[in-house]
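Secondary and tertiary structure notes
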Amino acid sequence: MSTKAYFSHEEIKPGKAAFSKTRSIIEAAFYGNNVVKVNTLKEAYELAKNAPGTVVTDQVVYRGEEFGLEKDARVLLFNDGSITGRYAPARRITGKPGTNTTELDKIVMDAVYDTRWRTLYHAEVYIGLDKEFMVKAHLLIPEGEENILYNWMLNFQYMSDEYVKMYKDSKPVGDEPDIYIFSDPQWAGAPGREDITDPNCLCYFNTDTNCAAILGMRYFGEHKKGTLTLAWAIANRNGYASCHGGQKEYTLEDGSKYVAAVFGLSGSGKSTITHAKHNNKYPSIKVLHDDAFIINAESCSSIALEPTYFDKTADYPITSPDNKFLLTAQNCSATLDNEGKVVLVTEDIRNGNGRALKSKLWSPNRVDKIDAPVNAIFWIMKDPTIPPIVKLKGASLASVMGATLATKRSTAERLKEGVDPNALVVEPYANPFRTYPLVNDYEKFKTLVESKNVSCYIINTGDFMGKKVQPKDTLGVIEAVVEGKANFKTWGPFKDIEIFEWEGFVPDLNDAEYVKQLQARMNDRLQYVESLNELESGYNKLPEDAAAAIRAVVEQAKTL
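A short tour of the structure in this document, coming up. (Residues numbered from 1 in each chain as written. Predicted model: local features only at pLDDT ≥ 70, side-chain atom pairs only at ≥ 80, totals over all residues. Heavy atoms only, no water.)

Turning to the sheet that holds strand S24 (residues 376–381), a few remarks are in order. Read across the open sheet, the 8 strands follow the order S15-S13-S14-S24-S28-S25-S32-S31; overall the sheet is mixed. Each edge of the open sheet is held by one strand with a lone partner, namely strand S15 (284–289) and strand S31 (489–491). Adjacent strand axes in the sheet meet at a mean angle of 30 degrees, parallel and antiparallel pairs treated alike. (Pairing = 2+ DSSP bridges. Helix = DSSP H or I, 4+ residues; strand = E, 2+ residues; numbered from the N terminus. Axes fitted to C-alpha atoms, helices over the stretch in contact; angles between N-to-C directions.)

What follows is the structure, given as structure tokens:
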């Protein structure tokens with residue numbers, strides 16, 4: 001599918017998705033006489049290289065000419081000051097209870113007006129790397145923010161001859177207009193409007209009309225996830241399950257395929273699992289992506305949304321061979337090596353959450369689409385009461401466990417008196433970027449299990465009652481599932497949960513303390529689902545079968 005950029009005079013009227021109030025405020029700015037179009041990556045690179053504050057390292061981008069750069073292009077570093085992460089409280093979503101769109105529209109109007117004194121850059125990219133699903137997105141951003149512009153064009157698919165042709169061959173779907181994003185990281189804020197928005201920054205989405213305003217936010221990750229947010233919403237409306245996770249295809253010795261999708265929060269091991277080569281024990285492994293893809297709810301094929309990887313630099317010292325594939329870096333330091341060359345200083349010495357964009361070449365077995373249907377979904381959790389792997393039976397339980405995807409609280413987190421430090425923190429489907437009701441994802445994943453025979457598992461990559469689950473354990477249980485060697489059996493009183501007993505991590509259901517914790521953690525999930533009935537006026541309320549599936553597990557746990 002493709003989105004729509006051009007309209008007949010008869011189509012230009014109220015009531016169309018492309019002509020909502022918010023979108024009209026945002027799109028008009030793209031045609032101002034202070035706007036400069038940036039058409040190629042080479043242009044964006046030159047702008048970023050010459051932008052004030054850019055550190056031009058002496059590292060040459062590996063095979064950069066293969067994806068639109070000059071042969072001698074260098075890895076660029078840019079630092080954002082003290083802001084080195086995303087800021088969720090700034091998000092405002094049209095249609096969500098409590099969102100004052102009338103006043104937010106006025107704030108965006110003023111923000112657009114204030115940029116008329118500056119040069120603005122307009123860039124375009126594609127989101128989705130197969131003609132089955134390609135969305136065109138536009139970004140407008142002021143002079144001085146050239147590194148965000150360059151990173152945005154690198155992160156998504158720039159308009160190469162190959163992809164322009166592919167996009168022309170894709171089929172337009174309905175009235176889905178192109179994505180338009182207006183960004184001003186230098187926005188002065190809206191003091192005194194705390195009842196409407198954060199006084200210093202705003203990330204405002206009109207999801208149904210494919211537009212957003214990102215104001216006062218310097219961090220590139222806001223622009224990456226803000227853009228994906230809108231693309232995921234388009235996918236959701238058009239028959240796809242939107243996935244913040246990783247996917248890979250195994251080819252087994254007998255030539256059969258096994259496609260596994262993994263969903264987990266940052267630091268859960270999602271990328272490690274996705275890129276694991278398993279000591280080359282399989283004839284072939286293909287990687288779709290480790291962060292953003294979609295699954296066709298009918299065919300169960302999958303499509304990557306981005307060509308590159310936005311990865312943390314904490315685990316990659318300057319000697320790491322993985323750094324060979326760097327394109328840019330953000331929020332890292334730099335120094336001179338013993339040859340006098342400017343090199344990066346990674347490992348989060350300057351600050352936490354140092355980041356880098358890595359090229360598609362980092363994964364030599366990378367593909368943009370997996371045609372084989374997905375076989376299994378793995379919800380990655382850090383719940384100390386869950387063994388390294390359990391299998392979920394029943395579509396409602398399988399999907400609601402994804403909707404209650406959980407992790408432990410950080411030991412550095414300050415808690416109010418009376419709050420259980422062991423209580424789970426839930427992020428449905430590991431996707432904090434959803435801008436549509438949660439029930440849409442719940443039904444999509446439920447259908448995959450119920451109608452498409454997709455298997456569903458929970459894997460715990462944290463610790464199990466104080467014992468750390470090592471990567472070898474996680475990869476070991478996954479390999480056993482992929483190879484059909486995992487012997488699952490009924491787990492205690494649970495009718496719809498089966499266990500594969502992994503050596504060293506077998507739960508003792510006669511241990512009173514363990515049983516107490518297990519009961520409490522399952523109850524955490526039930527309380528979360530039930531809380532959605534009232535929270536935000538029920539915006540994310542789930543069907544009764546979701547709560548019923550968890551409630552049954554809680555009741556069964558009480559019999560231990």
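That shown, we press on.
Let us look at the layout of surface pockets. What the second largest pocket holds in volume is close to 320 Å³. Looking at the lining of the second largest pocket, the elements with two or more residues in it are helix H4 (146–155) and helix H5 (161–169). Partitioning the lining of the second largest pocket into residue classes produces 10 nonpolar, 4 polar and 3 charged. (1 Å grid on protein atoms, 1.4 Å probe; cavity = no way out; pocket = protein on both sides within 12 Å on 5 of 7 lines; lining within 4 Å. Points joined across faces, edges and corners; volume = space filled by probe spheres on them. Nonpolar A, V, L, I, M, F, W, Y, C, P; charged D, E, K, R; others polar.)

So, on to the packing of aromatic side chains. Within this structure, the stated rule accounts for 26 aromatic pairs. Pairing phenylalanine 7 with phenylalanine 19 gives two aromatic rings, centres 5.1 Å apart and planes at 70 degrees, and the pair type is edge-to-face. Placement of the pair is phenylalanine 7 in the loop between strand S1 (2–4) and helix H1 (21–28) and phenylalanine 19 in the loop between S1 and H1, with a sequence separation of 12 residues. Between tyrosine 62 and phenylalanine 325 the ring centres are 5.5 Å apart and the planes differ by 85 degrees, which places this aromatic pair in the edge-to-face class. Here tyrosine 62 is found in the loop between strand S3 (55–60) and strand S4 (74–78), whereas its partner phenylalanine 325 is found in the loop between strand S18 (309–312) and strand S19 (326–330), with 263 residues between them in sequence. By relative accessible area, phenylalanine 325 is classed as buried at 14%. Put simply, the rings of Phe263, Phe293, Trp379, Tyr429 and Phe445 pair up and form one aromatic cluster. One residue, arginine 355, lies across the ring of phenylalanine 310, its end atom 5.0 Å from the ring centre. When the ring centre of phenylalanine 505 is taken as origin, the NZ or CZ atom of lysine 467, which lies over that ring, is 4.6 Å away. (Phe/Tyr/Trp six-rings, centres within 6.5 Å; stacked < 30°, edge-to-face > 60°. Buried < 20%, exposed > 50% of the residue type's maximum accessible area, 1.4 Å probe, protein only. Lys NZ or Arg CZ within 6 Å of the ring centre and 35° of its normal.)

It is the contact of H4 with helix H6 (residues 220–237), at a shortest axis distance of 10 Å, that shows an interaxial angle of 40 degrees. By the criterion of interaxial angle, the relationship of H4 to H6 is oblique. The handedness of the crossing between H4 and H6 comes out as right-handed. Along the contact surface, H4 presents Ile148, Asn151, Trp152 and Asn155, while H6 presents Phe220, His223, Lys224 and Thr227. (Parallel < 35°, antiparallel > 145°, perpendicular 65-115°, else oblique. Left-handed = near helix turned anticlockwise from the far one by under 90°. Contact = heavy atoms within 4.5 Å.)

Moving on, we get to the pattern of salt bridges. According to the stated counting rule, one finds 39 salt bridges in the structure shown. Of the charged contacts in the structure, one is a salt bridge between lysine 485 and glutamate 483, with a shortest N-O distance of 3.2 Å. (Salt bridge = Lys/Arg side-chain N within 4 Å of Asp/Glu carboxyl O.)

In this section: the sheet that holds S3. Pairing in this open sheet of 5 strands is mixed, and the strands run S3-S4-S19-S22-S18 from one edge to the other. Every interior strand has two partners, whereas the edge strands, S3 and S18, have only one. Across the sheet, the mean angle from the axis of one strand to that of its neighbour is 25 degrees, orientation sign disregarded. Taken together, the 3 bridges between S4 and S19 define a ladder with parallel strand orientation. In the sheet register, phenylalanine 78 faces S19, and the bridge partner there is glutamine 330. Strand contacts of H4: S4, S18, S19 and strand S22 (355–358), with the helix running at about 140 degrees to S19, the strand carrying the most contacts.

Structurally, valine 75 is set in strand S4. In this structure valine 75 comes out as buried when scored by relative accessible area, which is 0%. It is 28 Å that separates the C-alpha atoms of valine 75 and valine 135, two residues lying 60 residues apart in sequence. With sequence-adjacent residues up to four places away left out, valine 75 is seen in contact with Val55, Val56, Thr57, Gln59, Val61, Leu326, Leu327, Thr328, Ala329 and Leu344.

With that settled, consider the environment of isoleucine 148. Secondary-structure assignment places isoleucine 148 in helix H4. Isoleucine 148 gets classed as buried once you look at its relative accessible area, which sits at 6%. Along the sequence, isoleucine 148 and alanine 44 sit 104 residues apart, while their C-alpha atoms lie 9.8 Å from each other. Apart from the residues within four sequence positions on either side, isoleucine 148 is in contact with Ile141, Pro185, Arg218, Phe220 and His223.

The next thing to look at is helix H11 (residues 512–531). Compared with an ideal rise of 1.5 Å per residue, which puts 20 residues at 28 Å, H11 spans 28 Å between its outermost C-alpha atoms and is within 8% of the ideal. Within H11, burial applies to Tyr514, Val515, Gln517, Leu518, Arg521, Met522, Asp524, Arg525, Leu526 and Val529. By the N-cap criterion, in which a side-chain oxygen at the helix start approaches the backbone nitrogen of a residue two or three places on, H11 is capped by aspartate 511, the distance to glutamate 513 being 3.0 Å. (Expected span 1.5 Å × (residues − 1). Polar contact = N/O pair within 3.5 Å; in protein donor to acceptor, adjacent residues only side chain to side chain.)

Another point: the side chain of threonine 3. With respect to the helices and strands, the residue threonine 3 is situated in strand S1. Within the structure, the side chain of threonine 3 is placed 3.1 Å from the backbone nitrogen of lysine 136, a separation counted as a polar contact. Separated by 2.7 Å, the side chains of threonine 3 and aspartate 178 make a polar contact. Contact partners of threonine 3, with chain neighbours within four places excluded, come to Met134, Val135, Lys136, Tyr167, Glu176, Pro177, Asp178 and Ile234.

Further remarks concern empty space enclosed by the protein. Going through the model one piece at a time under the given rule, you end up with 3 cavities of 30 Å³ or more. The space that makes up the largest cavity amounts to roughly 60 Å³. Taken together, Lys4, Phe7, Glu11, Lys16, Ala17, Ala18, Phe19 and Asp175 make up the full set of residues lining the largest cavity. Estimates place the volume of the second largest cavity at around 40 Å³. Taken together, Phe78, Asp80, Asn147, Ile148, Asn151, Arg218, Phe220 and Gln330 make up the full set of residues lining the second largest cavity. Top contributing element to the lining of the second largest cavity by residue count: H4, with 3 residues.

Moving on: the pairing of S4. The buried fraction of S4 is high, at 4 of 5 residues. Two elements, S3 and S4, share 3 bridges in a ladder whose sense is antiparallel. Bridge pairing in S4 links valine 56 to leucine 76.

Glycine aside, residues mostly have negative phi angles, and peptide bonds mostly take the trans form. A positive phi angle, close to 55 degrees, is found at arginine 63, a residue other than glycine. By the element assignment, arginine 63 lies in the loop between S3 and S4. Its identity is not glycine, yet glutamate 536 carries a phi of approximately 50 degrees, on the positive side.

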